[in-house]
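# Per-entry structural report
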Amino acid sequence: MVKAIILAGGFGTRLRPTSCTRPKILFPIVNKPLLQWTLEKLAKSGVKEAIMAVSYRTEPFIKQFEVSKCGIKLTYSRDPLKNPLGTGGPIKKAENLISHDENFFVLNEDIFADIDYTKILKAHEQNEEKDAIATIALHEVRKPERYGVAELTRENRIKRFIEKPLPGTAPTNLINAGIYVLTPRIFDYIPKGQTVSIEREVFPKLVKEEKLYGYVFDGLWIDIGKLEDYLKINKILLDSFANQCEREIVGVEVKKPVAFDEGVSIGEKSVIGPYAVLGRNVTVGENVRIQNSVIFPGTVISDFSSVDGAIIGENVAIGKCVKIGEGCVLGDHVKVRDNVVLVKGVSICPGKEVFESVLTPKNII
Ligand code: GDD
Ligand code: MG
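Computed from a prediction, not measured in an experiment: that's the story for all the values here. Throughout this description, residue numbers start from 1 for each chain and increase along the sequence as written. Here the convention is simple: chains get letters from A, ligands get numbers from 1, in the order in which they are written. Predicted model: local features are reported for residues with pLDDT of at least 70 only, side-chain atom pairs are reported and counted for 80 or more only, and whole-chain, interface and lining totals are derived from all residues. Side-chain calculation: all heavy atoms of the structure are included, whereas hydrogens and water are not.

### Observations regarding the domain arrangement of the chain
These domain boundaries are the output of an automatic or database domain assignment. Along its sequence, the chain is organised into domain 1 (3–226) and domain 2 (251–364). Measuring from the centre of the C-alpha atoms in domain 1 to the corresponding centre in domain 2 gives 34 Å. Working rule for contacts: check all heavy atoms of both residues, and any pair within 4.5 Å makes them a contact. The interface is formed by 9 residues belonging to domain 1 together with 16 residues belonging to domain 2. Of the roughly 920 Å² buried between domain 1 and domain 2, counting both surfaces, carbon and sulfur atoms make up 65%. What counts as a salt bridge is simple: a side-chain nitrogen of Lys or Arg found within 4 Å of a carboxyl oxygen of Asp or Glu. One can count 2 salt bridges joining domain 1 with domain 2. The term polar contact refers here to a pair of N or O atoms within 3.5 Å; inside protein, the definition further demands a hydrogen-donor-capable atom paired with an acceptor-capable atom, and it admits residues adjacent in sequence only when both atoms are side-chain atoms. Applying the counting rule to domain 1 against domain 2 returns 4 residue pairs in polar contact (both at pLDDT 80 or more). Put simply, buried area is the surface a 1.4 Å probe can reach on two separate parts but cannot reach once they are joined, added for both.

Structure (structure tokens):
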């Protein structure tokens, strides 16, 4: 029975302030947590158990969250309190939870990928005939510098792996997609109880020994670790559901594609969409305009307000005649008073109350 380790102990610093109050894996993507999208795909490939490699900070969030587990048993493996183990250390830490007779998956938590896990598993089995210890999914992107970059031989062996190369130095556009199949011999390559970067310390060693292989796939792949990419994946999925009918709401102009979760209510003369995702129990007043935005559950947006190109956290209260512009991000439980204008790129920390307009991009903490 193939198992999967999900690396879920990162701090999600690039997703602040939304990630101050939830780990990346619980971010809703068109109203379904990323974890659930991932578990659904793993279940389809026959995975029955996922080991959540968490930090002391992320564990309680994941445990409390109601996620449909799709028949997959979740086991937790924690990093030590004061010592985050990086991207390699947690794999070693989970060694006793993994069978030594079977290959296993390792996944980064913040990836949305349309990949057939059974195919990469098969590819790895073939690579094992050539002594492979790891096969990593590779995806072609236009700007590879933000990622781990791989150079392949004709046999799909990785002959060079560079984590986050300097601008202009990436040898190819093939990047590490954050999905690996590993042979249990990998445990010999990771020291116990230490912070280890699999990308910077383990992969280069495997490259030298000619034991690292790549599996190139195309199709949809996004690392949601940056806010604009988070909005982008919501948009892409909304487009793919565009033909599904959202329910009509009397007096409201709905411009597709949009997604409304249960309990959403919208007042008359409001214009919602295109590309608006409204979470559970979101309440929208009259004459409100929302487009290109994701609104998390429980938030209230009052009459005559507008939200365009923003991410609004959970249980936020937005007053009347408020204007929220592109690239704004409001943390959970923020309150915005009537008539406030937030121009482009303003982010507001969870729980803050905003009394006055903010007319230059900045973080309010
Ligand atoms: N348990 C645990 N402990 N998990 C961690 C820790 C830690 O100390 N640090 C990071 N992680 C997890 C994160 O939660 C995430 O799932 C994964 O390890 C990768 O960390 P990121 O912080 O998201 O790394 P990245 O996005 O900069 O780069 C990684 O992903 C790219 C693809 O999106 C690398 O693997 C790149 O090579 C890759 O291209
Ligand atoms: Mg990432």
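### Quick notes on the sheet that holds strand β30 (residues 347–348)
Note: two strands are recorded as paired if DSSP finds a minimum of 2 bridges between them. Helix and strand definitions here come from DSSP, where helices need a minimum of 4 consecutive H or I residues and strands a minimum of 2 consecutive E residues; each element is numbered from the N-terminal end. Here 7 strands make up an open sheet; going across it, the order is β15-β18-β21-β24-β27-β30-β32 and the pairing parallel. Two strands lie at the open edges of the sheet, namely β15 (258–260) and β32 (363–364), each paired on one side alone. The pairing of strand β21 (residues 293–295) with strand β24 (residues 311–312) spans 2 bridges and is classified as parallel. Counted as the bridge partner of Val-294 is Ile-311 from β24. For every element, the axis is a line fit to its C-alpha atoms; helices are fit only across the contacting stretch, and the angle between N-to-C directions ranges from 0 to 180 degrees. Lying over the sheet, helix α6 (residues 227–240) contacts β15, β18 (276–278), β21, β24 and β27 (329–330), oriented at roughly 95 degrees with respect to β21.

### Details of the site of ligand 1
One heavy atom within 4 Å of a molecule or strand is enough for the residue carrying it to be called near that molecule or strand. Residues in close proximity to ligand 1 total 26 residues, the closest being Asp-79, Glu-109, Glu-163, Glu-199 and Asp-223. Lys-164 is positioned with one of its side-chain polar atoms (N or O) 2.8 Å from an oxygen atom of ligand 1. Within the side chain of Asp-223, a nitrogen or oxygen atom sits 2.6 Å from an oxygen atom of ligand 1. Each accessible area value is a Shrake-Rupley result obtained with a 1.4 Å probe; residue values ignore everything except the protein chains displayed when judging cover. When ligand 1 is considered free in solution it has 740 Å² of accessible area, and contact with the protein chains removes 91% of it. Elements represented by at least two residues in the shell around ligand 1 include exactly β1 (3–8), β11 (174–182) and β13 (221–223). Residues are grouped as follows: Ala, Val, Leu, Ile, Met, Phe, Trp, Tyr, Cys and Pro are nonpolar; Asp, Glu, Lys and Arg are charged; every other residue, Gly included, is polar. Taken together, the residues that form the shell around ligand 1 break down as 10 nonpolar, 7 polar and 9 charged.

### Remarks on the coordination of the magnesium ion (ligand 2)
The donor definition counts N, O and S atoms within 2.8 Å of each metal and applies 3.2 Å to Na, K and Ca; water is not among these atoms, so some sites may look incomplete. Within the protein, Asp-110 (OD) and Asp-223 (OD) serve as the donor atoms for the magnesium ion (ligand 2), at 2.1 to 2.7 Å. In this pair, Asp-110 is assigned in the loop between β6 (104–108) and β7 (111–113) and Asp-223 in strand β13, connecting sequence segments 113 residues apart. What makes Asp-110 buried here is its relative accessible area of 6%. Any residue under 20% of the maximum accessible area for its type is buried, any over 50% is exposed, and the rest in between are partly exposed; the area is computed with a 1.4 Å probe on protein chains only. Residue class for Asp-223 comes out buried when judged on its relative accessible area of 13%.

### Considering the state of the cysteines
When two cysteine sulfur atoms are found within 2.5 Å, that pair is recorded as a disulfide. In total, this model carries 0 disulfides according to the counting rule given. With no disulfide of its own, Cys-321 has Cys-328 as its nearest cysteine by sulfur position, at a separation of 17 Å. Between Cys-349, a cysteine without a disulfide, and Cys-20, which holds the nearest cysteine sulfur, the sulfur-to-sulfur distance is 5.2 Å.

### Thoughts on the sheet that holds strand β28 (residues 335–336)
One open sheet holds the 6 strands; their spatial order is β16-β19-β22-β25-β28-β31, and the pairing between them is parallel. In this open sheet, the two strands that pair with only one neighbour each are β16 (265–266) and β31 (353–354). Note: strand β25 (residues 317–318) against β28, 2 bridges, orientation parallel. For Ala-317, the partnering residue across the bridge sits in β28 and is Lys-335.

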